[in-house]
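Descriptive analysis of the structure
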Amino acid sequence: QVQLVEFGGGLVQAGGSLRLSCAASRSIFIINDMGWYRQAPGKQRELVAAISSGGTTAYADSVKGRFTISRDNVKNTVHLQMNSLKAEDTATYYCNTHVIDIGSGSSYEYWGQGTQVTVSS
């Protein structure tokens, strides 16, 4: 089992910045990819940004140039720096990770509880 705890959501004015953090609990599993998804009311959950254990990143087109994902493999944390926020960035943001059980070779996916980001226009 891996627990993900998110921090840093809140209310910000358009053009402002927020930094989200997510900490994964210690586990016998190997933390592989980590990422952030978001879900706005009435919309499907969508990938915002992801980062591999080697540091390769991927971003949704809507956040490229504004958001930056980073991770600390020693602390098993992932961060999302969000700049130039827009009203359309308002959503619940979820931390996500895929882990690997070295013994069985199985992969598992875990989600955080979500943190609300509200951008006022």
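Residues numbered from 1 in each chain as written. Predicted model: local features only at pLDDT ≥ 70, side-chain atom pairs only at ≥ 80, totals over all residues. Heavy atoms only, no water.

Here we look at the sheet that holds strand β1 (residues 4-7)
Rule in force here: Strand pairing follows a simple DSSP-based rule, namely that at least 2 bridges must link the two strands. Only DSSP runs of H or I covering at least 4 residues are called helices, and only runs of E covering at least 2 are called strands; the numbering of each starts at the N terminus. In this description, a line fitted to the C-alpha atoms serves as the axis of each element, helices being fitted only across the stretch in contact, and the angle between N-to-C directions of two axes falls anywhere from 0 to 180 degrees.
The four strands are arranged β1-β3-β8-β7 in an open sheet whose pairing can be described as antiparallel. Looking at strand neighbours, the two that pair on one side only are β1 and β7 (67-72), the edges of this open sheet. Geometrically, the sheet is characterised by an average inter-axis angle of 15° between neighbouring strands, direction not taken into account. Pairing between β7 and strand β8 (residues 77-82): six bridges, direction antiparallel. Bridged to F67 within β8 is M82.

Observations concerning the pattern of salt bridges
As a reminder of what qualifies: Should a side-chain nitrogen of Lys or Arg be within 4 Å of a carboxyl oxygen of Asp or Glu, the pair is scored as a salt bridge. Burial classes: relative accessible area under 20% of the type maximum marks a residue as buried, over 50% as exposed, and values in between as partly exposed (1.4 Å probe, protein chains only).
If you walk through the whole model with that rule in mind, you get four salt bridges. One salt bridge in this structure joins R38 and D89, with 2.9 Å as the shortest N-O distance. Of the two residues, R38 is situated in strand β4 (residues 30-39) and D89 in the loop between β8 and β9 (91-100); the sequence distance between them amounts to 51 residues. Comparing R38 with D89, the two get one shared label, buried. Connected through salt bridges with shared partners, the residues R38, E46, R66 and D89 form a single ionic network.

Looking at the state of the cysteines
The following threshold applies: The term disulfide is used for any two cysteine sulfur atoms that are within 2.5 Å.
One pass over the structure, following the stated rule, counts one disulfide. With its sulfur 2.1 Å from that of its partner, C22 forms a disulfide with C95. Of note, the bridge from C22 to C95 carries an S-S torsion of about -85° and is left-handed in sense. Placement of C22 in strand β3 (residues 18-24) and of C95 in strand β9 is noted, with a sequence separation of 73 residues between them. In this structure C22 comes out as buried when scored by relative accessible area, which is 1%.

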